[in-house]
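Listed below are the residues making up each chain.
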Amino acid sequence: MKKLFASFVLFTLMVFGSSGLLAQSGGELRFCLRSEPKTLNPLLAADDSSETIRYLTGGVLVRVNRLTQDLEPELATSWKITNGGKTITFQLRDGLRFSDGTPFSADDVAFTMQQLMDPALHSPTGDAFRSSEGKVATEVLPKNRVRITFPAPIAGLDRLFDQVAIMSAKSPQKEMAVLGPYYVGENKAGSYLILKRNPNYWEKDPAGRPLPYIDSVRLDIQQNRDIEMLRLTRGEIHFINSLDAEYFDKVVAQDPSMAHDAGASLDSEEIWFNQVATSPLPAYKKAWFTSTNFRRAISESINREDMARIVFRGHARPAIGPVSPANKFWFNAKLQAHPFDQKSALQRLTQDGFHLQDGVLRDHDGHAVEFSVITNAGNKYRERMATMIQQDLSGIGIKLNVVTLDFPSLIERITSTFDYEACLLGLVNDELYPNAQMTVWLSSADSHQWNPSQKTPATAWEAEIDKLMRTQASTLDPKKRKEAFDKVQEIAFTGTLISLR
């Protein structure tokens, strides 16, 4: 899910000539991941680093061309949707093998779907297919075909398979046996991964040369963006795929040809409050964080315009809601930005019994309003954002403590121990369609940030979002899908998530 930020892509030709990358085979491509992958299981990938590994190693039945948005054949040569959008049948390529030599067949697709839709796995990718309750039936058909039937229609069903990396049902290497262009050859925890060319990869270029051209890809784990930029200038890495605003300006000033402003992205920065009932927070703070008035007041007290101008040097725009305006069709254009209005914020807080006393905001029991926000260490933009929010909230008598954590510790807190109060983090999205965001919006999903993995919705508004997300996922009428997702954005806009940029 996410976004409202200008994404910068930095291209460098330090090593490869303008045509040399495609004209020659061999060599190693080097770039950095901002954090260690949480998992190498492609069905569990949710963080940016894990998804990068999945994209480079996973073989999928079909692939969405990111430039044209057209759906193109991969492991499947053709496909057909029938049964009112509930059934899809794939014709598979013959003679393919996984990276370890294990033959690929329709049995592997059936095995992958069984794993993907197993409720016990909690697959974020699987959530996109959950338009309704019920089981998914997979049939292995003659002539290397497979038929998959869902309990209800799924809008854009074929496009969802772009995210499903097929796993082997028989390989002893399990998820490490892959069908994509590379496989994980070396993984040194916390330091680097080396991906090696898959010798059994099926695709060739128009001249009949085997792909990929590059022998290996080295992915260094580097949270510090200053060091990443320094390594680029030294020629130690070949590119940075997302360049921060400050560095973008510096690079353009030195050599305009080295960097390109790709415009507004689909990504965003957001704050949410811990609303997990079993979290180790005191009851009075849980009451604050579950109050819509409290969350809306915090949102109104943050000066997004200043944040975009100062933190991002004018290369960002204040968020209006949880979806970026760059997503032109799905963005709810009827939403109006929350104004920076601390007087209105205090009026909302008064409705819940909060009051100012000697410049300190207190709740109806006299507790001073003080809480902490966690964010990932080494991300100076989030650290600066947190500092500005800290200053803004002091204007309504709230003391905000900023806590920076290494990324694994942060992830543990927001997904396992729930020992935190608020979190400032970015959401990365490379898909235009709402189905790809099911893992965030469904109350039962693991990535439902503020209160994940609920057995039943904890609030009426979450139950309504569940209903709307399943409605948009199961109806084939684009207008009705848009109406349902617009309502989701309206609910979130009232204070579920505090979108910043």
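Along each chain, numbering runs from 1 in the same order as the chain's sequence is written. Reporting of local features is limited, given that this is a predicted model, to residues whose pLDDT is at least 70; pairs of side-chain atoms are given and counted only at 80 or more, and all residues count toward the totals for whole chains, interfaces and linings. Here the side-chain values reflect all heavy atoms present in the structure, with hydrogen atoms and water set aside.

1. Description of the environment of Asp477
Residue placement: Asp477 occurs in the loop between α15 (460-474) and α16 (478-496). Burial here depends on accessible area, computed with a 1.4 Å probe over protein chains only, as a share of the maximum for the residue type. Under 20% is buried, over 50% is exposed, and the range in between is partly exposed. A relative accessible area of 31% places Asp477 in the partly exposed class. Residues Asp477 and Ile154, spaced 323 residues apart in sequence, show a C-alpha to C-alpha distance of 11 Å. By the criterion applied in these results, polar contacts are pairs of N or O atoms within 3.5 Å in which, for protein atoms, one can donate a hydrogen and the other can accept it, and in which residues neighboring in sequence qualify only through two side-chain atoms. In terms of polar contacts, Asp477 uses its side chain to reach the backbone amide nitrogen of Lys479, at 2.9 Å. Counting from the N terminus, the helices are DSSP H or I runs at least four residues long and the strands are E runs at least two residues long.

2. Observations concerning the packing of aromatic side chains
By convention, a stacked pair of Phe, Tyr or Trp rings (six-membered ring in the case of Trp) has centres within 6.5 Å and planes under 30 degrees apart, an edge-to-face pair has planes over 60 apart, and any other such pair is tilted. Applying the stated criterion to the full structure yields 22 aromatic pairs. Taken together, the aromatic side chains of Phe273, Tyr284, Trp288, Phe289, Phe294, Phe354 and Phe371 make up a single cluster linked through ring pairs. Think of it as a cone above the ring: NZ of Lys or CZ of Arg counts as a charge over the ring if it is within 6 Å of the ring centre and within 35 degrees of the ring normal. Stacked on the ring of Tyr192, the Lys or Arg Arg218 has its end atom at 4.1 Å from the ring centre. Between the NZ or CZ atom of Arg384 and the centre of the ring of Tyr381, over which it lies, the distance is 5.4 Å.

3. Regarding helix α6 (residues 225-233)
Arg225, Glu228, Met229, Arg231 and Leu232 are the residues of α6 that are buried. All buried residues of α6 project into a common sector of 160 degrees when viewed along the axis, lining one side. One side-chain oxygen of the residue at the start of α6 lies 2.8 Å from the amide nitrogen of Asp226, identifying that residue as Asn224. Looking one or two residues beyond α6, the residue adopting positive phi is Gly235, at roughly 80 degrees. In this description, the arc belongs to the directions extending from the helix axis to the C-beta atoms.

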